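Coordinate inspection notes
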Amino acid sequence: MLVLITYDVNTETKDGRKRLRKVAKLCVNYGVRVQNSVFECVLDAAQCRKLKYMLTAEIDTDKDSLRFYYLGDKYKTKIEHIGTKEAIKVEDPLIF
């Protein structure tokens, strides 16, 4: 299923900037960054629970927030891209 993950981490302190880097790094390991704090991740149910658990453990719930949008398996008809940044197919392999 496609899961859209967004986050807002308070970076006013050194700890906040550290949390931001950790959250971003976790998301990069599971998906593709489509905007600064937005990731598209193709996950199965177990991966989704694991990532949600790890992200929740990293943030300060009094200062930061996470949002998970579960778009399911038929997400291709639910996404429309307009603008300069080329759309990436998250299910395709990345070649470096």
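Provided above is the structure to which this section pertains.
None of the values given here were measured: they were computed from a predicted structure. Sequence order as written defines residue numbering, which begins from 1 separately in each chain. Local features in a predicted model are, by the rule used here, given only for residues with pLDDT of at least 70; side-chain atom pairs are given and counted only at 80 or more, and totals for whole chains, interfaces and linings are based on all residues. The basis for the side-chain values is all heavy atoms of the structure; hydrogens and waters are excluded.

A few words on the overall build of the protein chain. When helices and strands are counted, the protein chain shows two helices and four strands. Every helix listed is a DSSP run of H or I at least four residues long, and every strand listed is a run of E at least two residues long, numbered separately from the N terminus. Traced from its N-terminal end to its C-terminal end, the protein chain shows the element sequence β-α-β-β-α-β. Counting only residues that meet the buried cut, the protein chain has 28% of its 96 residues in that class. Element-wise, carbon and sulfur atoms account for 52% of the exposed surface of the protein chain, whose accessible area totals about 7,200 Å². Categorising residues by exposure relies on relative accessible area from a 1.4 Å probe, with only protein chains included: less than 20% of the type maximum marks a residue as buried, more than 50% marks it as exposed, and the intermediate range marks it as partly exposed. For every accessible area listed, the method is Shrake-Rupley and the probe measures 1.4 Å; residues are considered covered only by the protein chains on display.

Only strands that DSSP links by at least two bridges are regarded as paired with each other. Taken together, four strands build an open sheet; the order of strands is β2-β3-β1-β4 and the sheet is antiparallel. Only two strands of the sheet have a single neighbouring strand rather than two, namely β2 (32-35) and β4 (65-72). The average angle at which neighbouring strand axes cross in this sheet is 25°, direction not considered. Strand direction decides the pairing type here: β2 and strand β3 (residues 38-42), joined by three bridges, are antiparallel. The residue bridging Arg 33 from the neighbouring strand is Phe 39, located in β3. We call two residues in contact when some of their heavy atoms are within 4.5 Å. Where helices are involved, their axes are fitted lines through C-alpha atoms of the stretch in contact, as for all axes, and angles between N-to-C directions lie from 0 to 180°. Against the sheet, helix α1 (residues 14-30) engages β1 (2-8), β2 and β3, with an angle of about 35° to β3. This element, helix α2 (residues 45-58), spans β1, β3 and β4 of the sheet and lies at about 170° to β4.

Bringing the environment of Leu 2 into the picture now. Mapping Leu 2 onto the fold places it in strand β1. Owing to a relative accessible area of 1%, Leu 2 belongs among the buried residues under this scheme. For Leu 2 and Lys 76, which are 74 residues apart along the polypeptide, the C-alpha to C-alpha distance reads 9.3 Å.

What follows is about the side chain of Thr 6. If you trace the backbone, Thr 6 turns up in strand β1. For Thr 6, a relative accessible area of 17% puts it in the buried group. Contacts of Thr 6, omitting those with residues within four sequence positions, involve Ser 37, Val 38, Ser 65, Leu 66, Arg 67 and Tyr 69.

For the pair α1 and α2, the least separation of the axes is 9 Å and the interaxial angle reads 170°. The angle between α1 and α2 places the two elements in the roughly antiparallel class. Residues Arg 19, Lys 22, Val 23, Leu 26, Cys 27 and Tyr 30 of α1 lie in contact with α2, whose contacting residues are Gln 47, Lys 50, Leu 51, Met 54, Leu 55 and Glu 58. Residues were grouped as follows: Ala, Val, Leu, Ile, Met, Phe, Trp, Tyr, Cys and Pro as nonpolar; Asp, Glu, Lys and Arg as charged; and all remaining residues, including Gly, as polar. Classifying every residue of the contact of α1 with α2 gives seven nonpolar, one polar and four charged. Should an angle fall under 35 degrees it is taken as roughly parallel, and over 145 as roughly antiparallel, whereas 65 to 115 is taken as roughly perpendicular and any remaining angle as oblique.

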